[in-house]
Every structure is written in C-alpha cells, then in structure tokens.
Amino acid sequence: MHDKTVTQLAAALKSGELSSRELTSHFLQRIEKADGSLNSFITVTAEQAMSQAAAADKARADGKAGKLTGIPLALKDIFCTQDVKTSCGSKMLDNFIAPYNATVVEKLRAAGTISLGKTNMDEFAMGSSNENSHYGAVKNPWDLSAVPGGSSGGSAAAVAAGFVPAAMGTDTGGSIRQPAAFCGITGLKPTYGRVSRYGIIAYASSLDQAGPMARTAEDCALLLNVIAGHDVRDSTSVARGVPDYTETLNAPLSGLKIGLPKEYFGDGLDPEVEKAVREAVKVYESLGATVREVSLPHTHYAIPAYYVIAPAEASSNLSRYDGVRFGHRCDSPLDLQDLYTRSRAEGFGEEVKRRILIGTHTLSEGFFDAYYTKAQKVRRLIRQDFLDAFEDVDVLMGPASPTPAFDLGAKKDPVSMYLQDIYTIAVNLAGIPGISVPAGFAGGRPVGLQILGTHFAEAQLLNVAHQFQQATDWHTQLPAFAEENA
Ligand code: GLN
C-alpha cells in the first residue's frame, strides 16, 4: 500500500478493497517502525487519525463519501491545527496549541482526508535543508547521509518513505519544489493568492504559499482541487473560480512551446543534473513540444532581493512572539524588557535571529530606501522578466535545484545555503506557479525538473507534468528505505 498513489488508494477505498482504517493503521505502523531513522514527523496523531478513519468508513457506508474520503496525509507543522501542537519547527512554539484550524486544514477535513500528524521543517520555514529545526534534522530516505531539502523537508521525506501518500507544504522561496526534487516526489507551488494563507504561520507574507506534495501530478491536482479558492479570511487570496484540475491532465502537448531560461543552465549547475533535465526536455519534444532558449535577465538579482524582502517581512511577522501572549516565556523575568529579550533569545534559533536582525536593519530609518524599496523595484523587474518570457512560450523548464541533495552538515555558511535557491526564489518574487517532478538521478540522488507557468496556470502545469509522468517512470521509483520498511 505504501507505494500507491492517492488516486490508486482512493480507487481501492471506493471499490471496498480497503477500508480507511486498514489504510490508516498501515501508514501509522510504518511511521512508528521507521521514522526513528528519518525524523520526518514532529507530532503523530495516531488516535485522532484512527477515529477519523472510522468516521470516514462510516461516511462511505452511508453513501456520503467524496473522492478523497478516508485518504491519510500529513501536514507541515506550519499549518495551525486545533487541539494539536503547531510548533513551526521552533522552540518558541513548542507549547503552542492553536485555537483554530488553518483554512487548508479545514478544507482537507471537509473533504474527508485524515491527518496522521505534523511534519518536521526548518524553523519558521527558514532554510533549504531542514537542518534548522528545533526538533533536529530530517534525513533523506534515498540516502540517510543526505538532507531532504527544506523547509518542507519532513513532508517530502515522509512521502518518499511511504509514510503517507501525500503531504502539505509551504513555499516562500522554494520550500515545496526543492525538497520534492531532493526526495524524488512531485511538489506544486501554486500562484500567490490561489490558496488561503489563513492559519498558516507567517514567514514572509507576500511570498508564502501552500501546496501539495505527492508522488504524482495527478495526486497534486486532486489535492489542489480541495485546497484552492478564495477565503474571506485571507484578503490576499484571489476571488477566481477553481477549475477541476484533473479534467485537463490528459490534454495533448503537441504544439506546446517550452522555454529554457539560459540563466538556469549556467555556472554552478551540476552536470548530471543538467543532463537529466535536458533528457526530460527531449521527452517533451517526443510528445510534440517545441523548445527554444529564453532569457530571464534579472535572475542574478533574485537571491539578493529575496534576502532583503523575506527577512524584512519576517522581522515584522515574528515580532508577535514576545513571551506575553503565547509561545515560549523565559523563567522569572526581572521586568518587561527582560521578559521580551530573554524569551526571544531563548525561543528562536540562530538562523531565525539572523533574519530578524537583517530585516530589522533593512527596515530601519535611513536604510529603508537603500534596501527595502530598492529590492521591491528589483522584484518588479524579475516579475516582468517572466511575463515577457510568457509572451513567447507557454511554460519554462529547468532544474529545481543546481545540485541533488547535499550531505547533512555540508553547507556551513548561510550564504552557500541561500545560493541553493537560485532557480526557485524568483518564482515567489513574481508570484507565479511552479512544479517539480522527478526526472532522474545524479550521483544516486533524485533530480527534479522544474516547470513554471504564468499566473494561475496551475491546470497547464499539472497537465504538462502529468504527460511527462505518463511517458516516464521516475516518479514510480522508491528509495530502498521505503521497501526495507515495508
Ligand atoms: N530557502 C529559502 C529560505 O530559507 C526558502 C524557504 C521557504 O520557501 N520557506 O528562506
């Protein structure tokens, strides 16, 4: 069962071949047995999951089942869940139990899916390797000495290991696509505003977006159907109809115009990753697509602009953790100032503090125009690069990450870690959607092909990704870890 897709498991539930209780207990047992070596979950909600599974089986018996009723999945620990701890990977929120559910969580519940628990992540979603978690690093099921990517590394590792058929992640600068690439699964970052951010702990509000991580594009389509849509509780969510993303999966690709941004094939790209991506592009040519080179001339400025804007927004968002209302509070504060200072000093990890300091600096009087205003202008140019490219081509393709998963502990200085995000970060600055699909291996570790589309082109991206998965079998390959623990 652990190697099946959501689509296959939903069919098995529908035909009565399996019950949700059987499915749920199977996955819970796998987590129990093997997550000790991966650390992909922060919290496992076994009891709650089993009672939800029983309710799903009853709903089915009563003829009230929807497409996803009874399907187990996992939630990155950034989604607020009523009655279940939401830590955001931080000591600051180790004691935090949200009084409400995020909209994504509500929608998934309403669709009858079952949460098995909350997955590990970089603290406050800041990181590219999952090594910044208060709960310890996550390991990559393809190679336990490698990182799973970040910040949604727990979600990616859990799917790759066959602990859940799908999981939810968030992506501020690549955190769905890069861990999906590193773990050999499919991950979709929707257009900014497509999915409600209500109840998702804010990192950089103008960039954050939630999306599905699963084995296939088809599964991502099923899940996006559930979570997408306008939400009156998130004023940045867009009031625009949600199509059935599964309906267009099989549209033929003949005549599809693919652009390869030349800036995504330059220095620093691992030759084996490049080879795998170019092979994938050939598959598209065999499906009738045409390919041309395009340019995104401001790509070079994406990382600097992001590392001004994201920390600025983070410093503001994280000011709410003051030891007063919720979260970590230091012991016996001397006065109010001491309460703030020590609670924050004790509750936040090193990377989070670094970003708060950067953000506070760039937003301060005298520096604001030089850094923040300028970064926003650069952001506008980056967005325009994409819009210009989409005048000529339908989708862009390239690697999700310049290298396959690197070793745990390999990137010691923050800047070398930030450079990991070179192919993913501009996408968030522009607000467009992107998907990473498995496209081979480099040094035995998975490679992700990234496909980008214009705003609200999710249906097209899922179609393009699905057709690749009809023609290749990279997405069906599982790490030995998943089989050994079967
Ligand atoms: N790696 C990037 C960062 O550290 C992106 C993280 C994310 O998408 N949440 O900010």
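A quick note: this is a predicted structure, and the numbers were derived from the prediction, not measured.

### Looking at the environment of Leu452
Inspection of the secondary structure puts Leu452 in strand β11 (residues 445–452). Every residue in contact with Leu452, bar those within four places of it in the chain, is listed here: Tyr264, Phe386, Phe390, Asp394, Val395, Leu396, Val427, Ile432, Pro433, Gly434 and Leu461.

### Overview of the site of the ligand
The immediate surroundings of the ligand are formed by 15 residues, with Thr172, Gly173, Ser175, Tyr203 and Tyr306 found nearest. Between the ligand and Ser128, the relevant distance is 2.9 Å, taken from a nitrogen atom to a side-chain nitrogen or oxygen of the residue. In the model, a nitrogen atom of the ligand is placed 2.8 Å from a nitrogen or oxygen of the Asp421 side chain.

### Some points on the UniProt feature "domain: Amidase" (unreviewed entry) in the protein
Mapped onto the present numbering, the UniProt feature "domain: Amidase" (unreviewed entry) falls at residues 22–462. The annotated region residues 22–462 carries 38% helix and 14% strand content, and the separation between its end C-alpha atoms amounts to 30 Å.

### With respect to the pattern of salt bridges
Tallied over the full model, the rule gives 19 salt bridges. Lys58 serves as the salt-bridge partner of Asp62, at 2.8 Å between the closest nitrogen and oxygen. Using a relative accessible area of 40% as the deciding quantity, one classes Asp62 as partly exposed. For Lys58, a relative accessible area of 53% gives the class exposed. Note that Glu351 and Arg354 form a salt bridge whose closest N and O atoms lie 2.3 Å from each other. Here the residue Glu351 and the residue Arg354 both occupy positions in helix α11 (residues 350–363), the gap between them amounting to three residues, near one helical turn. Exposure remark for Glu351: the relative accessible area of 10% places this residue in the buried category. Here Arg354 falls in the partly exposed class, since its relative accessible area comes to 25%. Residues joined by salt bridges that share partners form a network here, namely Glu350, Glu351, Arg354 and Arg355.

### What about helix α3 (residues 46–61)?
Compared with an ideal rise of 1.5 Å per residue, which puts 16 residues at 22 Å, α3 spans 23 Å between its outermost C-alpha atoms and is within 8% of the ideal. Where α3 is buried, its residues contact α2 (20–38), α4 (103–110) and β3 (114–119). Immediately beyond the C-terminal end of α3, within one or two residues, lies Gly63, with a positive phi of roughly 75 degrees.

### Topic: the packing of aromatic side chains
Here a ring pair, both rings aromatic, is described through the centre-centre distance and the interplanar angle of the planes. In the structure shown here, the tally under the stated rule is 16 aromatic pairs. With 5.9 Å between their ring centres and 70 degrees between their planes, Phe124 and Phe348 make a pair best called edge-to-face. A residue pair is termed long-range when its members are at least 10 positions apart, and Phe124 in the loop between β3 and α5 (153–160) and Phe348 in the loop between α10 (336–347) and α11 qualify at 224 residues. Of the residues examined, Phe124 reaches a relative accessible area of 0% and is grouped as buried. Its relative accessible area of 5% is what places Phe348 among the buried residues. Through pairs of rings, three or more aromatic residues link up here, namely Phe96, Phe124, Tyr321, Phe326 and Phe348. Taking NZ or CZ as reference, Arg278 lies 4.4 Å from the ring centre of Phe265, over its face. Looking at Lys411, its charged tip hangs above the ring of Phe406, at a distance of 4.8 Å from the centre.

Calculation criteria
- Within any chain, residue numbers begin from 1 and follow the written order of that chain's sequence.
- A pLDDT threshold of at least 70 governs which residues receive local features in this predicted model, and a stricter bar of 80 or more applies before side-chain atom pairs are shown or counted, although totals over entire chains, interfaces and linings include all residues.
- Calculation of side-chain values draws on the structure's entire complement of heavy atoms; hydrogens and water are dropped beforehand.
- Working definition: helices are DSSP H or I runs of at least four residues, strands are E runs of at least two. Numbering for both runs from the N terminus.
- In what follows, a contact means two residues having at least one pair of non-hydrogen atoms within 4.5 Å.
- One heavy atom suffices: a residue is near a molecule or strand as soon as one of its heavy atoms comes within 4 Å of it.
- Residues adjacent in sequence count toward polar contacts only when both atoms are side-chain atoms; beyond that, a polar contact is any pair of N or O atoms within 3.5 Å, and within protein one must be able to donate a hydrogen and the other to accept it.
- UniProt positions are given in the numbering used here, feature names are shortened, and annotations may be inferred rather than shown by experiment.
- When a carboxyl oxygen of Asp or Glu is within 4 Å of a side-chain nitrogen of Lys or Arg, the pair counts as a salt bridge.
- Buried, partly exposed and exposed residues are distinguished by accessible area as a fraction of the type maximum, computed with a 1.4 Å probe on protein chains only: under 20%, between the cut-offs, and over 50%, respectively.
- Multiplying one less than the number of residues by 1.5 Å gives the expected span of a helix.
- Stacked, edge-to-face and tilted are the three classes for Phe, Tyr and Trp ring pairs, Trp counted by its six-membered ring, which pair at centre distances within 6.5 Å; planes under 30 degrees apart are stacked, over 60 edge-to-face, the rest tilted.
- Our definition puts a charge over a ring when NZ of Lys or CZ of Arg is within 6 Å of the ring centre and also within 35 degrees of the ring normal.

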